[in-house]
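# Structure assessment
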Amino acid sequence: MNILVTGGAGFIGSNFINHILSKRDDLNIINLDKLTYAGNLENLKPVEGNKNYTFVKGDITNAELVDYLFRKHSIKYVINFAAESHVDRSILGSEIFYKTNVTGTAVLLEAARRYNIEKFLQISTDEVYGSLGETGLFTEKTPLSPNSPYSSSKASADTAVLAFYHTYGLPAVITRCSNNYGPLQFPEKLIPLMIINALNNKKLPVYGDGLNVRDWIYVIDHNKAAELVFEKGKPGEVYNIGASREMKNINIVKLILNKLNKGEELIEYVKDRPGHDRRYAIDSSKIQEELGWKPSFNFEEALDNTIDWYLENRQWWQRIISGEYQKYYELQYKNR
Ligand code: NAD
Ligand code: TDX
């Protein structure tokens, strides 16, 4: 079973590949990744030398390369993790978001159609639904209402995937997951950024009033759900994924400080993110009832695992924060 996995050197994709190849030897994974700032081959050490794993450095917007890979590896399955994934970066400049997330997905869909593939899994996000008020949950029927360039590019990609299902009968499915955390997450995202800043006794920049809510899921739970949808999801369907763990940002930040024995004087309230979605919360009853998935990790324990991972893998993140990331960090936080 030859699967083209895209974006497999990033946070969720590398956790996915490492996990799936540790338990299955009936799959052949071809990982196509451009190795942007967020892609890191170090993430894939566990599968280096695995006979069922091939890495290709390249861009999903490169139609010629994508066509070549489908032909060469007789690709019948695609899992598309590749994306520009950070909301704040999309606010600094949106072009690459539309290129990779929309055009890139369209290139993969065209190839998938030409080669009559058997399953296409699009890894999407709950952010396509926009923002919730104090109550309510996103269901698969919630209208798309994205607010950032990132989420609008992901929503556009979702509409392309569904259009290929309706027009050409492409057997495509979509997952929309809530905020992930876990090992190997790039330190621009809330949880790793706060862990690393706290360890370095740097200020922890909390946007706005800190009361925005995100619904957190451990990356392994997300990936198990994605695997299930890949295997059993019904073509043309969307499946929400979430672990029902809503948290206000400020409470996560305080929890991290507490776990690291650091004081709350490190917290700094900074200017809000433009267009900042107030609350995300996922209703995942469809995947639970139709496919039998449920999250298995407890939030506190999985957050402890995550913090331990960053404590034990300082080299991994020190290399990142001492490189090009510094420039991004200064740009991102200088006006806040
Ligand atoms: P990430 O930024 O850590 O990794 C993205 C990967 O895609 C990197 O390895 C990068 O090199 C690669 N990539 C980027 N542009 C590419 C291109 N043009 N061609 C080939 N490869 C390219 O992102 P992540 O957090 O692992 O997210 C993976 C997917 O999951 C994304 O589609 C994202 O929208 C979705 N998602 C993420 C979250 C989250 O909380 N992180 C939640 C829900 C959904
Ligand atoms: O320094 C910060 N301070 C802060 O208060 C950062 C980086 C974030 N925040 C806030 C903004 C959000 O309310 O924390 C919350 C989480 O922020 P991010 O980690 O940037 O995630 P979010 O914007 O919610 O998007 C994430 O979840 C859905 C991923 O980045 C997306 O790829 C995914 O689709």
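Keep in mind the model is a prediction, meaning the values are calculated, not measured.

Moving on, we get to unusual backbone geometry. Its identity as a non-glycine residue notwithstanding, Ser 74 has a phi of 45°, on the positive side. With respect to the helices and strands, Ser 74 occurs in the loop between α2 (63-72) and β4 (77-80). One non-glycine residue, Ser 244, lies in positive phi territory at about 55°. Along the chain, the position of Ser 244 falls in the loop between β10 (238-241) and β11 (246-248). For Ser 244, a relative accessible area of 56% gives the class exposed.

What follows deals with the packing of aromatic side chains. Applying the stated criterion across every chain yields a total of 20 aromatic pairs. Here the aromatic rings of Phe 138 and Tyr 280 are separated by 6.2 Å at their centres, their planes lie at 45°, and the arrangement is tilted. Of the two residues, Phe 138 sits in the loop between β5 (119-125) and α5 (149-168) while Tyr 280 sits in the loop between β12 (267-270) and α9 (285-291), which places them 142 residues apart along the sequence. Residue Phe 138 is classed as buried on the basis of its relative accessible area of 1%. Judged by its relative accessible area of 2%, Tyr 280 falls in the buried class. Here the aromatic rings of Trp 309 and Tyr 310 are separated by 4.9 Å at their centres, their planes lie at 80°, and the arrangement is edge-to-face. Accessibility expressed as a relative area gives 16% for Trp 309, which makes it buried. Ring pairs connect the aromatic residues Tyr 37, Phe 186, Tyr 207, Tyr 325, Tyr 328, Tyr 329 and Tyr 333, which therefore count as one cluster. Above the plane of the ring of Tyr 168 lies Arg 113, whose end atom (NZ or CZ) is 4.0 Å from the centre.

What follows concerns the pattern of salt bridges. Applying the stated criterion across every chain yields a total of 19 salt bridges. Its salt-bridge partner being Glu 227, residue Arg 24 comes within 3.7 Å of it at the nearest N-O pair. Remark: Glu 227 occurs in helix α7 (residues 219-232) and Arg 24 occurs in the loop between α1 (11-23) and β2 (28-33); sequence separation between them is 203 residues. Shared partners join several salt bridges into a network, and the residues in it are Lys 23, Arg 24, Asp 26, Glu 227 and Glu 231.

A word on α2. Turning to α2, its buried residues number three or more, namely Leu 65, Val 66, Asp 67, Leu 69 and Phe 70. Tucked inside the fold, the buried residues of α2 contact β1 (2-6), β2, β3 (53-57), β4 and α4 (95-114). Just downstream of α2, Ser 74 is the residue with a positive phi angle, here 45°.

What follows deals with the site of ligand 2. If you check the shell around ligand 2, you find 23 residues, and the closest are Glu 127, Tyr 150, Arg 273, His 276 and Tyr 333. A distance of 2.7 Å separates an oxygen atom of ligand 2 from a polar side-chain atom of His 276. Within the side chain of Tyr 333, one N or O atom sits 2.7 Å away from an oxygen atom of ligand 2. When isolated, ligand 2 has an accessible area of 660 Å², and the protein chains bury 94% of it. Taken together, the elements giving at least two residues each to the shell around ligand 2 come down to α3 (87-92), α6 (190-199) and β8 (204-207). In terms of residue class, the shell around ligand 2 is built from 10 nonpolar, 7 polar and 6 charged.

Conventions and cut-offs
- Residues numbered from 1 in each chain as written.
- Chains lettered and ligands numbered in written order.
- Predicted model: local features only at pLDDT ≥ 70, side-chain atom pairs only at ≥ 80, totals over all residues.
- Heavy atoms only, no water.
- Helix = DSSP H or I, 4+ residues; strand = E, 2+ residues; numbered from the N terminus.
- Buried < 20%, exposed > 50% of the residue type's maximum accessible area, 1.4 Å probe, protein only.
- Phe/Tyr/Trp six-rings, centres within 6.5 Å; stacked < 30°, edge-to-face > 60°.
- Lys NZ or Arg CZ within 6 Å of the ring centre and 35° of its normal.
- Salt bridge = Lys/Arg side-chain N within 4 Å of Asp/Glu carboxyl O.
- Contact = heavy atoms within 4.5 Å.
- Near = heavy atom within 4 Å.
- Polar contact = N/O pair within 3.5 Å; in protein donor to acceptor, adjacent residues only side chain to side chain.
- Areas by Shrake-Rupley, 256 points an atom, 1.4 Å probe, with all protein chains shown as cover.
- Nonpolar A, V, L, I, M, F, W, Y, C, P; charged D, E, K, R; others polar.

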